[in-house]
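This is what each chain is made of:
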Amino acid sequence: MIDSVEKLYKQIDELKNTPKTASTILVSLGTCGIAAGGNPVYEALKSAIADNKLEHVFNLVPTGCMGMCHSEPTIEVVHHATGERVFYGNVTPENASAVVNAGQGVAVGIPLLERSWYCPEDEEKVSDEQVQARIVLRNCGRINPEVIDEYLVNGGYTALAKVLTGMSPDEVVQKVLDSGLRGRGGGGFPTGKKWEFAAKQKEKTKYLICNADEGDPGAFMDRAVLEGDPHAVLEAMAIGGYAIGAEHGYIYIRAEYPLAIQRLQIAIKQAEAKGLLGKNIMGTGVNFTIELKYGAGAFVCGEETALIHSIEGKRGEPTFKPPFPAVSGLWGKPTIVNNVETYASIPAIFRMGIESFRKIGTEKSPGTKVFALAGKIDRMGLVEVPIGTPIRDIIFKLGKGCKYGKKFKAVQTGGPSGGCITTDNLDTPIDYDTLIALGSMMGSGGMIVMDEDDCMVNIAKFFLEFTLDESCGKCTPCRIGNRRLFDMLEMICDGKGTEDMIERLRTLANIIKDTSLCGLGQTSPNPVLSTMNNFMDEYLAHIKEHRCPAGVCTKLITYNINDNCVGCTLCARNCPVACISGEKKTKHVIDQDKCIKCGVCFNTCKFHAIDRV
Amino acid sequence: MVKLSVNNMAVEVEDGATILDAATKVGIKIPTLCHMHLDSFNVEHRCASCRICVVEVEGRRNLAPSCSTPVSEGMKVKTNSIRAINARRTILDLILSNHPKDCLTCEKNGCCELQELAGEMGLHQILYKGEMSHTTKDLSSKSIVRDPAKCIMCRRCETACNVMQTVGILSGVGRGFEVTVGTAGARPLVDTECTFCGQCVAACPVGALTEMSYVYNVWTALNDPSKTVIVQTAPAVRVAIGEEFGMEPGTISTGQLVHGLRLLGFNKVFDTNFAADLTIMEETHELVERITKNENLPILTSCCPGWVKFLEHQFPELTYMPSSAKSPQQMFGAIAKSYYAEKIGKKPEDIVVVSVMPCLAKKYEASRPEFSHDGVADVDIVISTRELAGMFKEAGVHIDKLDSQDYDNPLGESTGAAMIFGASGGVLEAALRTAADWVSGKDLESVDFKAVRGLEGVKEATVNVAGIDLKVAVCSGLGNTRKVLEKIKRGEASYHAIEIMACPGGCLNGGGQPYIHGDTSILERRKEAIYKIDKDLPKRKSHQNPDIIKLYDEYLGKPGSHKAHKLLHTEYVKREHF
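All of these numbers come straight from a predicted model, not from anything done at the bench.

Visitor: Just checking my understanding: could you explain the interface of chain B and chain A for this structure?
Guide: Accessible area lost on assembly of the parts is the figure often given for the size of an interface. Between chain B and chain A, the residue contacts involve 30 residues of the former and 26 residues of the latter. Contributions of two or more residues to the side of chain B that touches chain A are made by helix 2 (82-97) and strand 9 (171-173) of chain B. Looking at which element gives the most residues to the side of chain B that touches chain A, the answer is helix 2 of chain B, with 7 residues. The residue inventory of the side of chain B that touches chain A, partitioned by class, reads 15 nonpolar, 12 polar and 3 charged.

Structure follows, in structure tokens:
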């Protein structure tokens, strides 16, 4: 039980002085790592260590996500004597033992990965390759999230200790204001301002909520943080509670994140057992408890008023603001809702100090932002970069461009509420305001990369279908307006579009933005507007020429077999609807009536004998 | 006070006022659909969901919903900027694009707020056509029809059901385009805790919630020569039906109503007020008995079937509290098919009792199994005030043009005490009038108990009845009722008697009355009319109704007699609550 701040520092010192093994092997075991086969790798390493009786040399640690989805399962070996760190990717249960056998050397036969980041809190940037600066993800992939001591040894809960013993609530709010931290959930609202509103309220009961209802397609940073470093969020919430005068917090987390839930439950239990959460934290007399609430899978519950209603057991739908939650939120009490990543930045701010924090990022948006690279990108994964990093660096330096050497077409930021950014704007430094100026938004940080094979009309339709499905249906423009946009896009993709639809799409999209009740509706037409602004030629090709330039819209394409066909029968054998016929060694034919335009023949043919027109 | 300008007109409004309030003050009616303000009941629905009321505010990024946006000092509002007009037209276009445009055959034809708005806004074509949402009509109950295809998601019914009545059976369900208002687990209405009070129907601006119509059943009965078709009219009908014929709210049209019913072909035109006097005889007998013995107090009134069903679901442990007296409608039916049937020498099955009620729950009440004997219901068909107005119109009977006629006898004679059943507080006042005479053994002159009158949701008073101080309460609206019953359960309040009506303000605001479209001043005028009729009647105490006296002499014996119990009293059941 840590019943004083001194005891915390003492315990951290003790932990630091505990003798270490020569090396630590960290295995990436977030949901993604586990799905990619991380557990068998972990077991293989465990056996290899045990079989060779090397427990005194290797400390094997299961960790959260290391961010390198493209090469999972990944492991990191840290040799403490030299400080050398080796990253291995695509590790298999078969080749894992090589790591153990290599001792203090580097194992051969396993792909090595470069470390593209540095942690500003612990080290200086040494090379230009370190495009990433990890503040939020500092502990992810570095500690065992289920062992609180591993969080403590890296300075865990010292920010809370500092706040509770040396600062008044007003000073804490001022610090967050001065840090310039902006909400990482998408809106970019200054976090300190939110806290200030709530702190000013005279009500006795207040609440603090962590929004962990991550729902953007292709965004998974909140999950990674909760799975990899749950205590960072708990510590930050306790700081926030002290600052605004709340004694109870909720983490609203989607039920589809079972591992994050499990790790949070463990973390809360451990923190309470140590006296770092709950009643009389570290003997300071400050109370703060945290409860988990599960979301049932509604995207709109990421909107703060909808989220609050969902916690109250009501239908998860937004209500008109004012009143703002900071004035009247959960159960009618002043409430602060911040996103996971926002919270995860806060302990670091207090540990590093504002000056160091503000050195990262831009003047208006200090700090870092985590992006989830997905879509047609070569190196899928999580990256954390200083705000202001050029988009090009993220996609080409970190993501290594498009898969299979395809041509980059656009990147969708801000999820379904964002817009696409084309080659022309790749040098834009990424920031809340620059993205809005490009007709997109930061959103929660999903980046979905599109290549030459993507039809932008179809992409707009895809994102719109998502918001259409996830709309709460409360207000008319979002409920019916988006459906009508979708109806028109569907007609265009089917080759039934008319030229006047261009104007109608644009008018309706702007009215939906102008009149919708919440952020979901107000941003839902962004993908339509942004693709129309950047790829009007594709819209016109669909409408005027009944042609899909990328060859995606199935009603507008046909597959034909040309004279290159040698009759190898490969296409016929792979066709899922058996619509290709022909004798061996003679030219084959596609039955157009039966063809479902799936493109399997096109992709399997080795003789360029299939034309897509 | 806050100063702002609306369309360049300076205006000053109170703090917390909305743009809509400010615009109204300068004389501009911004169109609204989802907004509903029931002033007299302090119920405001500010959902801000339809977005038809959006206006432009200088310096604001988006258009503002005027119904919910609070004014601020120096605000510059433009209600008719081209941006606002285009947006409003598009919103209306979108609503209509997903609305069945079968206005000519819709129940709400002529009184639909969406129809009126489309007319006012002059939308001449629908630009954004496309897929329509998929819904199923709920015809399960005897009282209310839900047609979600017509629902525009204004959610006014939800506020009526969940906030005002605290019954809580309606909620937004589904996602995105397919969202509609529905019940939990998509249960048919008949399998829910719905009280059939009909306040959702009164709140619905379109045809998504309407009454189950029995007009055709009435026409069929009237045209069946083998049947004697008699009609009873509830007290609140005569002060409201005139509104359907362009008469001023609060016009008393009793005689014209009777005349009109005769023109429709009813064999006898009787009055529920007669049965209301009978109810007072039985209920007051029970009241005096329970107070004298000081047991099972408070006694709760039992005239309102919506309230009774609410009690059975929400407070099953309190089902011993209400008076066992049947409602006037059911007493009328029971007497019509026994006493009256014998008098005219007809079999009960050859008499058709039609009720005209301000209420939709009465349709359900008449169908309760305990009110039928050997397959013959005491009350055969129940129609609402609105349905009767529809029948009059269909038959070309314009009651505003008719002269007055009197009710038939013997079931048409009534007193002022019965008349005030139509307003909240009336049943209790009527009972007190009789109780005071009975306890004192005198014919007391003062008959007015004004403390229990008015549209307030909860009225409490200590009234002196022949030297005894009685603590009484009057609740109207089920949300108000819940508050009082919970206080009683917690032991924080105790009363001798409580009158409860499901609809706020009582039957004059019943779910079957002409639509008020949020204008509660209409209710005030109906109320005034009710008390005027009472005041002007020569007899104002139920026990002085000569035909009631005769009924007891000839048939029932005394109030509370065995026969009276058999015919005029009932029991309550404990129902499911989830």
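Moving on, there is more to tell.
Visitor: What am I meant to see in the packing of helix 2 of chain B against helix 3 (residues 113-121) of chain B here?
Guide: Relative orientation and spacing of two packed helices are given, respectively, by the angle between their axes and the distance between those axes. Residues and elements named next belong to chain B. Here helix 2 crosses helix 3 at 140°, and the two axes come no closer than 11 Å. One way to sum up the angle between helix 2 and helix 3 is to call them oblique. Crossing of helix 2 over helix 3 shows left-handed handedness. Of helix 3, the residues touching helix 2 (which contributes R88, R89, L92, I95 and L96) are L114, L117, A118 and M121. Of the residues that constitute the contact of helix 2 with helix 3, the class distribution is 7 nonpolar, no polar and 2 charged.

Visitor: What am I meant to see in helix 12 (residues 304-311) of chain A here?
Guide: At 3.6 residues per turn, the α-helix brings residues three or four places apart onto the same side. Residue and element names in this part refer to chain A. Among the 8 residues in helix 12, 7 count as buried, and that is most of the element. Listing the buried residues of helix 12 in full gives E304, T305, A306, L307, I308, S310 and I311. In this fold, the buried residues of helix 12 make contact with strand 8 (207-212), strand 9 (248-254), strand 10 (289-295) and strand 11 (335-339). Downstream of helix 12 by a residue or two, G313 has a phi angle that is positive, lying close to 90°.

Visitor: How should the pairing of strand 2 (residues 9-13) of chain B be read in this particular structure?
Guide: Regular strands have side chains that alternate between both faces of the sheet. Both strand 1 (residues 2-6) of chain B and strand 2 of chain B contribute to a ladder of 5 bridges, which runs antiparallel. Following the sheet pairing, V2(B) is matched in strand 2 of chain B by V13(B).

Visitor: When you look at the pairing of strand 20 (residues 468-476) of chain B in this model, what are you seeing that I'm missing?
Guide: Residue and element names in this part refer to chain B. Note: strand 19 (residues 458-465) against strand 20, 8 bridges, orientation antiparallel. Note on strand 20: the bridge partner recorded for V463 is L470. Taking the residues that link successive antiparallel strands as the turn, the strand 19-strand 20 hairpin has 2 residues, and the phi of A466 there is positive, at about 50°. As paired strands, strand 20 and strand 21 (residues 497-501) are joined by 5 bridges and run parallel to one another. Bridge assignment links S476 to a residue of strand 21, and that residue is M501. Considered for its hand, the β-α-β crossover made up of strand 20, helix 15 (residues 478-489) and strand 21 is right-handed.

Basis of the calculations
Residues numbered from 1 in each chain as written. Chains lettered and ligands numbered in written order. Predicted model: local features only at pLDDT ≥ 70, side-chain atom pairs only at ≥ 80, totals over all residues. Contact = placed C-beta atoms within 7 Å. Helix = DSSP H or I, 4+ residues; strand = E, 2+ residues; numbered from the N terminus. Nonpolar A, V, L, I, M, F, W, Y, C, P; charged D, E, K, R; others polar. Axes fitted to C-alpha atoms, helices over the stretch in contact; angles between N-to-C directions. Parallel < 35°, antiparallel > 145°, perpendicular 65-115°, else oblique. Left-handed = near helix turned anticlockwise from the far one by under 90°. Buried ≥ 20, exposed ≤ 12 C-beta atoms within 10 Å, placed from the backbone. Pairing = 2+ DSSP bridges. Right-handed = clockwise from strand over helix to strand, strands pointing away.

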